[in-house]
Amino acid sequence: MCIMFVYRNPDAGPSEYKLILIANRDEFYTRPADPAHYWPDYPGCLGGTDMEPGRENGTWLAVNHANARIGVILNLHGNLKSTNTKGRGFLVRDYLTDPDSTIEHANKLHKTNQETHCYSPYNFVMVDMNEENYPGPKKIDKSILGCGNSGLETPYQKVLFGEKQFKNIVKDAKTSDQQRLMEDLIELLKSTKRHLPDKELEKRAPKEQNELSSIFVHHEKAKYGTRTHTIILVDNADKLTFIEETMMTDGTWKRQIFNNLIE
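Nothing here was measured: the structure is a model prediction, and the numbers come from that model.

A.B. asks: How would you sum up the nonpolar core? Please name residues and give values.
C.D. replies: Counting 37 residues, the largest nonpolar core has Met4 and Leu21 as its most contacted members. Among residues more than four places away in sequence, those in contact with methionine 4 are Leu21, Ile22, Ala23, Val72, Leu74, Val125, Leu145, Gly146 and Cys147.

Pasting the structure below:
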């Protein structure tokens, strides 16, 4: 996963959205993965899954409509990797299925990271639509948040640009015009405009800064780029709409739409 934007409005009125989340997954084109589907072993969970040997059924983004949780994992560029690394894709699954509260889960995970260093560096965004007003590690109170492959305090230029565009798209979004909202969000996720210079990106990925400086990534030489667009919409009546566009092995794009109620 390479970039994500989220809008939250817990006081959404009729015809408004309480949550809008969009994300791109960037990965090597040859890494096997399954498009979004309901997970048979985890009722309520929906998302694409990694099928890389040894990482099977991990994920980069998923939702559990049964407990109103969303998890998104974003790897950090340019940080030293753990020598005893575990698959970060299972962090999302573990969060979505943990009966403990979000803050309890976050504290347990932080303790594990501090004591074992078993995961390579990452940003992990946990969205819980059932919990409010609790203290916690990096609790985000902003209505708009952008996140990429650098720290929250040092965002890439493409994240700053995307935040502004995302804000303009969602500020007056109405459920009655959902199709146009979807298409505007997809257009943002497909933006190939490069945002340079970028000192943080240059520091973290000096040899690939040109190819990684756009929201939609295409690195022909490395056979790497954006492979999945995801949009999650939750309206004031807790109706969940999950849209995914995935690049298939033949280079075509497949769109799927799933609907559920948040419980």
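Now that the structure has been shown, we can carry on.
A.B. asks: Run through the sheet that holds strand 4 (residues 45–50), naming residues and quoting values.
C.D. replies: Within the open sheet, the 5 strands sit side by side as 3-4-5-6-7. Their pairing is antiparallel. Looking along the sheet, the strands with just one partner apiece sit at the ends: strand 3 (33–38) and strand 7 (122–128). Sheet twist, expressed as the average angle between the axes of neighbouring strands with direction ignored, equals 15°. In the sheet, strand 5 (residues 61–64) pairs with strand 6 (residues 69–75) via 4 bridges, with the strands oriented antiparallel. Its bridge partner being in strand 6, alanine 62 is matched across the sheet by glycine 71. Against the sheet, helix 1 (residues 89–97) engages strand 4, strand 5, strand 6 and strand 7, with an angle of about 160° to strand 6. Contacts between helix 2 (residues 102–116) and the sheet are confined to strand 6 and strand 7, with strand 7 contributing the most and set at about 165° to the helix.

A.B. asks: Describe the pairing of strand 6, listing the residues and the values that go with them.
C.D. replies: When you tally the buried positions in strand 6, you get 6 out of 7 residues, the bulk of the element. Pairing geometry for strand 6 and strand 7, over 7 bridges, is antiparallel. Within strand 7, the position partnered with arginine 69 by the bridge is aspartate 128.

A.B. asks: Quick rundown of the packing of aromatic side chains? Include the residues and the values.
C.D. replies: Evaluated as defined, the whole model comprises 8 aromatic pairs. Pairing phenylalanine 216 with tryptophan 253 gives two aromatic rings, centres 6.2 Å apart and planes at 50°, and the pair type is tilted. Here phenylalanine 216 is found in the loop between helix 6 (209–212) and strand 9 (218–219), whereas its partner tryptophan 253 is found in strand 12 (residues 253–261), with 37 residues between them in sequence. Judged by its relative accessible area of 30%, tryptophan 253 falls in the partly exposed class. When the ring centre of tryptophan 60 is taken as origin, the NZ or CZ atom of arginine 25, which lies over that ring, is 3.9 Å away.

A.B. asks: Please provide a residue-by-residue account of helix 2, values included.
C.D. replies: Count 3.6 residues to each turn of an α-helix, and residues three or four apart come out pointing the same way. Taking 1.5 Å per residue, 15 residues should reach 21 Å; helix 2 reaches 21 Å between its end C-alpha atoms and fits that length. Of the surrounding secondary structure, the elements contacted by the buried residues of helix 2 are strand 6, helix 1 and strand 7.

A.B. asks: Which residues make up the environment of alanine 23, and what are the values?
C.D. replies: Within the secondary structure, alanine 23 sits in strand 2 (residues 17–28). Between the C-alpha atoms of alanine 23 and glycine 47, which are 24 residues apart in sequence, the distance is 12 Å.

Calculation criteria
- Residues numbered from 1 in each chain as written.
- Predicted model: local features only at pLDDT ≥ 70, side-chain atom pairs only at ≥ 80, totals over all residues.
- Heavy atoms only, no water.
- Core = buried A, V, L, I, M, F, W, Y, C linked by side-chain atoms within 4.5 Å.
- Buried < 20%, exposed > 50% of the residue type's maximum accessible area, 1.4 Å probe, protein only.
- Contact = heavy atoms within 4.5 Å.
- Pairing = 2+ DSSP bridges.
- Helix = DSSP H or I, 4+ residues; strand = E, 2+ residues; numbered from the N terminus.
- Axes fitted to C-alpha atoms, helices over the stretch in contact; angles between N-to-C directions.
- Phe/Tyr/Trp six-rings, centres within 6.5 Å; stacked < 30°, edge-to-face > 60°.
- Lys NZ or Arg CZ within 6 Å of the ring centre and 35° of its normal.
- Expected span 1.5 Å × (residues − 1).

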